[in-house]
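# Overview (structure and organization)
The chain contents come next:
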Amino acid sequence: NLIKNCFIYNNGEYGLKFYSSGQTNISNNTIRDSALHSNGQNTTRYGHPCCGGILLASGVNNRAINNIIYDNNDIYQHGIDTGYSATDSLIYNNTIYNVGLGIQVTKTSTGAIITNNIVYQTTHILTQDLGTKSSWNNNLIGVNPQFVNAATGDFHLQNGSPAINQGANLYSANVTTDFSGADRPQTGAFEIGAYEYGSSTTPPPAAPRGLWAR
C-alpha cells in the first residue's frame, strides 16, 4: 500500500500507523511526501497526550519517506516510532520538528534503517534506540537546520544549511524525488530532510476548514 501527498492532523493518537493486532501481516507499506502535525491529542486512554506522527509496526519493510512531522510537542508525542516486532523498517529523508521525541526505535524492532532525517527542537529526547541491529546514517539531529520559516510551516532549507549536500544517495531505495516532487539531488549529494535545497518554495498546505462527512 502507498499513502502519498496527504495532510494528516489533529488526530487522537498517531496520525498514521502500520500496525497489526495479530490477525494479519502488515508489510511492505509506504507513507511518503505527506505532512502530519498536531496529532496525539487524546488524553483519555493514557491520561496524557500520546503517540504523535507515524508508527511503523508489526511487519517487514514498512517505510516512511520524505514526510514532514511537526507540532506534537508533549513529552509523550513522537515524530516517528518503529516497534511491535517490526523488521527492516526504513525511515528516510523525513523532517521532524517541535515534537516530544524525534525518532524512537523500540526494543521489539529489528534492522531499522534511519537515514537522512532532520530532528530538531524536541521537548523530551531527540532520538531513542532500543532496537536490535539498527542503522543510523547521515542524519542531522539536534543541530539547527536553518529552515526558511518553521513558524509558518515552511521547512525548506536556507542557503548555508548544514543539511545541504550531506545526505546519503538513496537511489537504490527508490528515493529519487523530495517532498515537493523535485529531483534528488538538485546538486551534488542528497540533502538531509524532506526538501532538496532549491526545490519549490511552496510550504505544506494550511489545514482545511469547514469540512464534514456523513
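Scoring rules and cut-offs
Residues numbered from 1 in each chain as written. Predicted model: local features only at pLDDT ≥ 70, side-chain atom pairs only at ≥ 80, totals over all residues. Heavy atoms only, no water. Helix = DSSP H or I, 4+ residues; strand = E, 2+ residues; numbered from the N terminus. Contact = heavy atoms within 4.5 Å. Salt bridge = Lys/Arg side-chain N within 4 Å of Asp/Glu carboxyl O. Buried < 20%, exposed > 50% of the residue type's maximum accessible area, 1.4 Å probe, protein only. Pairing = 2+ DSSP bridges. Axes fitted to C-alpha atoms, helices over the stretch in contact; angles between N-to-C directions.

## Structural notes on the environment of T176
- Mapped onto the fold, T176 is located in the segment after β17 (154-157).
- Put simply, T176 and Q186 are ten residues apart on the chain and 10 Å apart in space, counted from C-alpha to C-alpha.
- Residues within four places of T176 in sequence aside, it is in contact with Y171, A182, D183 and R184.

## Focus on the pattern of salt bridges
- Summed over all chains, the structure comprises three salt bridges.
- Its salt-bridge partner being R184, residue E196 comes within 2.8 Å of it at the nearest N-O pair. On the criterion of sequence distance, the pair formed by E196 in the segment after β17 and R184 in the segment after β17 is long-range, its members being twelve residues apart. Here the two residues E196 and R184 agree in accessibility, since each one is buried.

## A few points about the sheet that holds strand β10 (residues 90-92)
- Reading across the sheet, the six strands line up as β1-β4-β7-β10-β12-β14 and stay open at both edges, with parallel pairing between neighbours. Only two strands of the sheet have a single partner each, and these edge strands are β1 (2-4) and β14 (135-137). Between one strand axis and the next, the sheet turns by 5° as a mean value, whatever way the strands run.
- Here three bridges tie strand β12 (residues 113-115) to β14, and the two strands are oriented parallel to one another. From the neighbouring strand, I113 faces β14, where its bridge partner is S135.

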